[in-house]
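Chain and residue survey
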Amino acid sequence: MNASVYELAPHATPSLSQAGRAVAMEMGGDSGEYVTRFEPTVQRTLKQPIDCVGVGVHSGAKVSLTLLPAPAGTGIVFRRTDLGVDIQARFDNVVDTRLCTVLGRADRPEARVGTVEHVMAALAGTGVTNAIVCVDGPEVPILDGSAEGFVFLIDCAGIATQDEAAPVIEVLRPVRVEADAAFAELRPCGYGFEASVSIQFAAAAIGRQSLSLALTTEAFRAQLSRARTFALAEEVAALQAAGLGLGGSLDNAVVVDGARVLNPGGLRMNEEFVRHKMLDAVGDLALAGATLRARMTGHRSGHRLNNQLLHALFADPANWRMVPADATATTGMAGWGERRLRAAAAPV
Ligand SMILES: [Zn+2]
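What you see is a predicted model, and the numbers here were worked out from it, not measured in a lab.

1. Description of the overall build of the chain
A count of helices and strands for the chain gives seven helices and 23 strands. When each of the 348 residues of the chain is scored for burial, the buried share is 47%. Summarising the internal contacts of the chain: among those between residues at least 6 apart in sequence, 76% fall at separations of at least 24.

Below, the structure written as C-alpha cells:
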C-alpha cells in the first residue's frame, strides 16, 4: 500500500551444515563466507482442505475461504464459488493494484478476487505450489492483516509432496521498472530468491527501515509472516469516505499517527512495517507462476511496481528461462533444496 525502498545489505554468514560443507567442497573448498539459498525441489500441495471465515478489508463483507489440495501442475488458482469462476494466480490476470493486488478475468469482469497478496505469500513462503483458494465473495479475508493466519491454516491442513519436480524461473539479466522516484528490479542470482527492502516515511513511528533476506521457509515464518499491513491515520478517513477500507480496524492493521502507533498493543516485532512490505513483495512476485531464482531490489515499490516488474520480466524471452529444480541441491527442509554459495559469488 505504501512506498518502499529496496536496498542491499550484507548477508548473514551461517555456519556450514555437513550437507552445506559437501556442496561447498564441490565448489572448490570451504574457506570464505557463504550464504544459504533455498528453492523448492518438488511440487507440493495441501494434505486436506481447510477453511476459515473472515472479513474483506475493503468491502467490509464477511467472506468464507477454503484452501483445497490440487494436482501437480495446477499452480495456485482462485475460485469464486459464488460465481463458479476460476482465475489462475498469474501476474497477467492482475486487474487492479491501487490498494491491494486484485485478480480478474477479461471475459468475466464481475469475477474479481482482491487482496490476494497475503495468502499468496503464505503459500509461497511455505513452499505450496499447487492449491485452489476458494472464496465466496470479491476479497480474500484480511484476518489479522498479516500472513500468519494463512500459514496457520496451511500447517493445520498439512503439506504433501508430489511426484513432479517444481520448475524455477531463472532471471538471466537485470529487469527494472520505475515510476517517479520509485523503482523495482530483478537481477540474476546464483540460487534461490532474495529481496532487499527499505522504506522511509515522514511519520516518525515508521521513519526509515530496511531489511534484506534470502527467502527460506524459516526466514519467511520468523521474519515476515506475522508482520501486519499498515496505514496512516489521515489516509484511513479518506479511504472510508471513498467506500473503501470498510472492514479495516485496529484488529487487522497497524495505524500510525505521526510518532504514535494507535493500536493498543503496539507493534508485534521491530521494523514491522518494512517486514510487511517484503511480505507483500513475496506475495506479488509469487504471481510469476513459479519460484523465481533472482534478487529483487528497488526503491519505494508497492503492488503496482511489483506487477509491472513481472510484466517487464516476461516481455522479453531473453530475460528469463524455465529450469528444473537443481538436482544437485542437498535437501534442507522438506521439499526444498539447500545450497550454500560463496558470498563473493553471489550478487552483493
Ligand atoms: Zn499487505
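2. Topic: unusual backbone geometry
The phi torsion at Glu271 lies on the positive side, around 55 degrees, for a residue other than glycine. Tracing the backbone through its elements, the reader meets Glu271 in the loop between β19 (260-261) and α6 (272-285). Note on Glu271: 19 C-beta atoms within 10 Å, which makes it partly exposed.

3. Points about the sheet that holds strand β17 (residues 230-232)
With mixed pairing, three strands are arranged side by side in an open sheet as β17-β18-β19. Looking at the sheet topology across the chains shown, the edges are occupied by β17 and β19. Sheet topology note: the strand β18 (residues 254-257)/β19 ladder contains two bridges and is antiparallel. Its bridge partner being in β19, Asp257 is matched across the sheet by Arg260. The sheet contacts of helix α5 (residues 233-241) involve β17 and β18, and relative to β17 the element is tilted by about 90 degrees.

4. What about helix α4 (residues 217-224)?
Those residues of α4 lying buried are Thr217, Phe220 and Leu224. Considered in projection along α4, the buried side chains sweep an arc of 95 degrees and stay on one side of the axis.

5. Considerations on the nonpolar core
The biggest cluster of nonpolar side chains holds 82 residues, and the ones touching the most others in it are Met120, Met278 and Val282. For this core, the element with the most residues is α6, which contributes seven residues. Residue assignment places this core across two domains, with domain 1 (43-165) and domain 2 (166-345) each supplying three or more.

6. Digging into the packing of α4 against α6
Remark: α4 packs on α6, axes separated minimally by 10 Å, with the N-to-C direction vectors making an angle of 140 degrees. Here α4 lies oblique to α6, going by the angle between them. Along its contact with α4, which presents Phe220, Gln223 and Leu224, the element α6 presents Arg275, Met278, Leu279 and Val282. Broken down by class, the residue content of the contact of α4 with α6 amounts to five nonpolar, one polar and one charged.

7. A closer look at the confidence of the model for the chain
Per-residue pLDDT for the chain averages 85, and the proportion of residues at 70 or more is 82%. Note on residues 1-31: pLDDT under 50 across the span, and 70 contacts to partners over four residues away in sequence or across chains.

8. Some points on the sheet that holds strand β4 (residues 62-69)
Read across the open sheet, the five strands follow the order β3-β4-β10-β5-β6; overall the sheet is mixed. If you trace the sheet from one side to the other, it starts and ends with β3 (50-55) and β6 (85-88), each paired once. Each adjacent strand pair in this sheet contributes to an overall mean axis angle of 20 degrees, direction not counted. Pairing analysis gives five bridges linking strand β5 (residues 76-80) to strand β10 (residues 131-135), with the strands arranged parallel.

9. A closer look at the packing of helix α2 (residues 117-125) against α6
Each pair of packed helices can be described by the angle between their axes along with the distance between the axes. Two elements in contact, α2 and α6, have axes whose closest approach is 7 Å; the angle formed by their N-to-C orientations is 80 degrees. Here α6 runs roughly perpendicular to α2, going by the angle between their axes. Within the contact between the two elements, α2 uses Glu117, His118, Met120, Ala121, Ala124 and Gly125 and α6 uses Leu279, Asp280, Val282, Gly283 and Asp284.

The rules we used
Residues numbered from 1 in each chain as written. Predicted model: local features only at pLDDT ≥ 70, side-chain atom pairs only at ≥ 80, totals over all residues. Helix = DSSP H or I, 4+ residues; strand = E, 2+ residues; numbered from the N terminus. Buried ≥ 20, exposed ≤ 12 C-beta atoms within 10 Å, placed from the backbone. Contact = placed C-beta atoms within 7 Å. Pairing = 2+ DSSP bridges. Axes fitted to C-alpha atoms, helices over the stretch in contact; angles between N-to-C directions. Arc of directions from axis to C-beta. Core = buried A, V, L, I, M, F, W, Y, C linked by C-beta atoms within 7 Å. Domains from an automatic or database assignment. Parallel < 35°, antiparallel > 145°, perpendicular 65-115°, else oblique. Nonpolar A, V, L, I, M, F, W, Y, C, P; charged D, E, K, R; others polar. pLDDT = per-residue confidence, 0-100.

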